[in-house]
Amino acid sequence: MKLVAGVATGAVALAALGAALAPSFAQTSGAPAAFAACRACHTTNKGGKNGLGPNLYGIIGKPAAAVPGVSYSAALKGSKLKWDEKTLDAFLANPSKKVPGTRMPIGTPDPAKRAAIIAYLKAESAK
């Protein structure tokens, strides 16, 4: 029983540490804290690898589902969206509302956080 309690306590401590470090990592990399959740699936550097989601370098101005090597949902492929600030804002607010059937599971309901993410994507793409 002591072992189970110790493992559970350790897991809680690790989760808390991870949550505490995630925003710090995002901030030290130049990303806003709001981008920390995005970083789990996306990269933003020029020539960066795709993760579970596409590399987002230069995404603004491109059509949706256009990054090579990514297994996009049929819904996103058929969406005919072009990633401008307005479209990104709506998609980030509620991905499954903007594109029903998309595989992107995380929305960002806070408009200020979405604005910070979009500004960051624009800045990264200008490098």
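Here goes a summary of the coordinates provided. Bear in mind the structure is a predicted one, so any value in this text is a computation, not a measurement. (Residues numbered from 1 in each chain as written. Predicted model: local features only at pLDDT ≥ 70, side-chain atom pairs only at ≥ 80, totals over all residues. Heavy atoms only, no water.)

Remark: helix H3 (residues 85–93) packs on helix H5 (residues 111–125), axes separated minimally by 10 Å, with the N-to-C direction vectors making an angle of 130°. With respect to each other, H3 and H5 are oriented oblique. As H3 packs across H5, the resulting crossing turns out to be right-handed. Seen from H3, the contacting residues are Glu-85, Leu-88, Asp-89, Leu-92 and Ala-93; seen from H5, they are Arg-114, Ile-117, Ile-118 and Lys-122. (Axes fitted to C-alpha atoms, helices over the stretch in contact; angles between N-to-C directions. Helix = DSSP H or I, 4+ residues; strand = E, 2+ residues; numbered from the N terminus. Parallel < 35°, antiparallel > 145°, perpendicular 65-115°, else oblique. Left-handed = near helix turned anticlockwise from the far one by under 90°. Contact = heavy atoms within 4.5 Å.)

The backbone of Ala-65 sits at a positive phi, close to 65°, despite the residue not being glycine. The residue Ala-65 is located in the loop between helix H1 (2–28) and helix H2 (74–77) in this model. Judged by relative accessible area, Ala-65 falls into the partly exposed class, the value being 23%. (Buried < 20%, exposed > 50% of the residue type's maximum accessible area, 1.4 Å probe, protein only.)

Relative to the helices and strands, Thr-102 is located in the loop between helix H4 (95–98) and H5. Thr-102 sits in the buried class, given a relative accessible area of 14%. Within the structure, Thr-102 has its side chain in polar contact with the backbone nitrogen of Met-104 (distance 3.4 Å). Once you skip the residues sitting within four places of it in the chain, Thr-102 turns out to touch Ser-73, Ala-75, Phe-91, Pro-95 and Ser-96. (Polar contact = N/O pair within 3.5 Å; in protein donor to acceptor, adjacent residues only side chain to side chain.)

Spatial relationships are all this shows, so hold off on functional conclusions.
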